[in-house]
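Residue-level structure breakdown
Spelled out, the chains give:
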Amino acid sequence: MPQNAVVLVGRILLALMFITSGFGKLTDPAGTAGMITGAGLPAATALAYIAGIFELVGGLFILVGFQTRIAAYLLAAFCVFTALTFHSGAINIPDFPAGANGLLTVFNGLMMWKNITIAGGFLVLAAFGPGSISVDARRAA
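Presented here is a report on the structure given in the accompanying data block. The shown structure was predicted, so the numbers you read here are calculated from the model rather than taken from an experiment. (Residues numbered from 1 in each chain as written. Predicted model: local features only at pLDDT ≥ 70, side-chain atom pairs only at ≥ 80, totals over all residues. Heavy atoms only, no water.)

1. Regarding the pattern of salt bridges
- For the coordinates displayed, the defined rule picks out two salt bridges.
- Glu 55 is the salt-bridge partner of Lys 25, the closest N and O atoms lying 3.2 Å from each other. Note that Lys 25 is positioned in helix α1 (residues 3-27) and Glu 55 in helix α3 (residues 44-64), a separation of 30 residues in sequence.
- Residue classification places Lys 25 among the buried residues on the basis of a relative accessible area of 13%.
- With relative accessibility at 3%, the residue Glu 55 sits in the buried group. (Salt bridge = Lys/Arg side-chain N within 4 Å of Asp/Glu carboxyl O. Helix = DSSP H or I, 4+ residues; strand = E, 2+ residues; numbered from the N terminus. Buried < 20%, exposed > 50% of the residue type's maximum accessible area, 1.4 Å probe, protein only.)

2. Details of helix α2 (residues 30-38)
- For α2, the set of buried residues is Thr 32, Ala 33 and Ile 36. All buried residues of α2 lie within an arc of 100° about the axis, which places them on one face of the element. Seen from the open side of α2, the exposed residues pointing more than 90 degrees away from its buried face are Ala 30, Thr 37 and Gly 38.
- Its buried side turned inward, α2 meets α1, α3 and α4 (68-86).
- Of the residues one or two after α2, Gly 40 is the one with positive phi, at around 85°. (Arc of directions from axis to C-beta. Contact = heavy atoms within 4.5 Å.)

3. Thoughts on the environment of Ile 91
- Counting through the fold element by element, Ile 91 comes out in the loop between α4 and α5 (98-128).
- Note: C-alpha distance between Ile 91 and Asn 108 (17 residues apart in sequence) is 7.7 Å.
- When neighbours within four sequence positions are excluded, Ile 91 is seen to be in contact with Asn 101, Leu 104, Thr 105 and Asn 108.

As structure tokens, this is what we get:
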């Protein structure tokens, strides 16, 4: 497969998670607001909507390759922030069995590393650009 087609597929795969996650936050922000409250951040509902808009718009920018480098840097930072803020600690839900909390802690750690890994993908995209099948490439021509 030609390199630019591979970059396009990579952009699509990176974008899909953020588009769907952002849409979910905008249509039902309560779960995200609960996580934000649990992390001790203020204005949880407003931040849930802001995160939803950011993820949706950022994902769409990556998908079509518009302002790709800026969007990729911002999404990389977002991934690292969410990894460290929401997924770096142990889970201890009261009245849950210790084994269940332990398993949730393992899953939480996996989510942290998933976010860090996605940040790496965005940094590669920011460094090398969106490829020729993108709005950015058309604007440069």
